Structure formats: C-alpha cells, structure tokens
Amino acid sequence: MKATIMSLWFILLCAASVIAYAAIGGVFLAFSDFIMRSFNLVSAQGGIESMQVINVEIMRSVFMVLFMGLTLVSLIITVYAAVNVDGTPKPLLMLAGGLYLVGVFAVTAAGNVPLNNQLAAIDRASPQSLAFWKQTYMTSWVTLNSLRTLACLLASGLTLAALAIR
C-alpha cells in the first residue's frame, strides 16, 4: 500500500473541519436534545413564535457562515481525497465530506428549510397552526435535525480518524 502524503494546507483544512463539524453538530444536538423539547413544553404559540424568530436570526449568524462554509470545505475535502489521497484515509475523508454534503446540507435544504418556510407563513393563533406545530413540525423537524446531528458528528470523527492514521 502506498503511503498517504497530504499537503500541509489540506491537513490544516481537515483539522479545522473536525472542529467545525463538531461545533455545528453541537448546535444541532442542543436543538434535538433540549431546545425543541423546551419549546414543546411552553404554549404552542410561544414555541412557534420562538422558532420563527430563531429562523430569521440564524440567517445573520456565525452559525450560517460555518454551515455554508463547511459545504464548500466538504466538497473540497471529498474531491481532494478522491484525487490525491491514498490508503485508508481516502475513503474516510470522502465519506466525511459526503456525510456533510448529503446528511447535513441536502437534508437541511430538502427537509428543514421547507418546514421552516411553512412555519414562517402561519398565523400563530390559528387552530391549523397549532396542529401543524404539534403533529408535523415538532416530529419531522426534530427527526431531520437529529439526522443532521449524527451526520456532523460522524463527519468530525471520520476526519479525525483519517488525520490520525495518515
């Protein structure tokens, strides 16, 4: 088996991505573990209003810079590993990048964002909104978010493993 030689910039990019994947995963974990449960324990109107505000504010946050930046970084890691890395680190890095691209970015775009858009458009006081919050949003959004959490944490671990065995 040929030894894996990674350039310094790529090693540093991977090291930074380990931290960033874990940080994003930690935010997702907090939402799945206790934030959404807390929103579910207050009045439905209060939970809806809180999530509507978060969905606006998150667009102007450091989280969004990391979230979008990691999409580009994950693509770079996946392609660079496919072309330039050999041995066991190659599939680990390709899987890590792919997990973020599919398990985080694509799940967000196809699942969480449409639910957030539906939530943004509702009147907090209507009976239909309360039903949507309890029966659809709280179940589907949290399930998708838990999937994003797992994908981030696996991407972080796989990248760390690839760096450790290189």
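Keep in mind that this is a model prediction, so the values were computed, not measured.

S.K.: Explain the environment of isoleucine 5 to me, using residue names and the numbers behind them.
M.R.: Here isoleucine 5 shows up in the segment before helix H1 (8-41). Along the backbone, isoleucine 5 and glutamate 57 are 52 residues apart, and their C-alpha atoms lie at a distance of 42 Å.

S.K.: Hey, could you go over the packing of aromatic side chains for me, with residue numbers and the actual values?
M.R.: Under the defined criterion, the tally for this structure stands at twelve aromatic pairs. Ring plane angle 35 degrees and centroid distance 5.5 Å describe the contact between tyrosine 21 and tyrosine 100, whose orientation is recorded as tilted. Placement of the pair is tyrosine 21 in helix H1 and tyrosine 100 in helix H4 (residues 89-120), with a sequence separation of 79 residues. Take tyrosine 21 and tyrosine 100: they sit in the same class, and that class is buried. Ring pairs connect the aromatic residues Tyr21, Phe28, Phe63, Phe67, Tyr100 and Phe105, which therefore count as one cluster.

S.K.: Describe the confidence of the model for the chain, naming the residues involved and giving the relevant values.
M.R.: Do not read the fine detail of predicted coordinates wherever pLDDT is low. Looking at the chain, pLDDT values average 95 and 98% of them are 70 or higher. Looking across the chain, the model is least confident in helix H2 (residues 44-57), with a mean pLDDT of 96, and most confident in H4, with 98.

S.K.: A description of the layout of surface pockets should follow, citing residues and the corresponding values.
M.R.: Space inside the largest pocket adds up to approximately 470 Å³. Forming the boundary of the largest pocket are 25 residues, of which Ile58, Met59, Met64, Val113 and Asn116 lie nearest the centre. Mapped by element, the contributors of at least two residues to the lining of the largest pocket are H1, H2, helix H3 (62-84), H4 and helix H5 (127-165). The element contributing the most residues to the lining of the largest pocket is H4, with eight residues. Its residues assigned to classes, the lining of the largest pocket shows 17 nonpolar, seven polar and one charged.

Procedures and definitions
- Residues numbered from 1 in each chain as written.
- Predicted model: local features only at pLDDT ≥ 70, side-chain atom pairs only at ≥ 80, totals over all residues.
- Heavy atoms only, no water.
- Helix = DSSP H or I, 4+ residues; strand = E, 2+ residues; numbered from the N terminus.
- Phe/Tyr/Trp six-rings, centres within 6.5 Å; stacked < 30°, edge-to-face > 60°.
- Buried < 20%, exposed > 50% of the residue type's maximum accessible area, 1.4 Å probe, protein only.
- pLDDT = per-residue confidence, 0-100.
- 1 Å grid on protein atoms, 1.4 Å probe; cavity = no way out; pocket = protein on both sides within 12 Å on 5 of 7 lines; lining within 4 Å.
- Points joined across faces, edges and corners; volume = space filled by probe spheres on them.
- Nonpolar A, V, L, I, M, F, W, Y, C, P; charged D, E, K, R; others polar.

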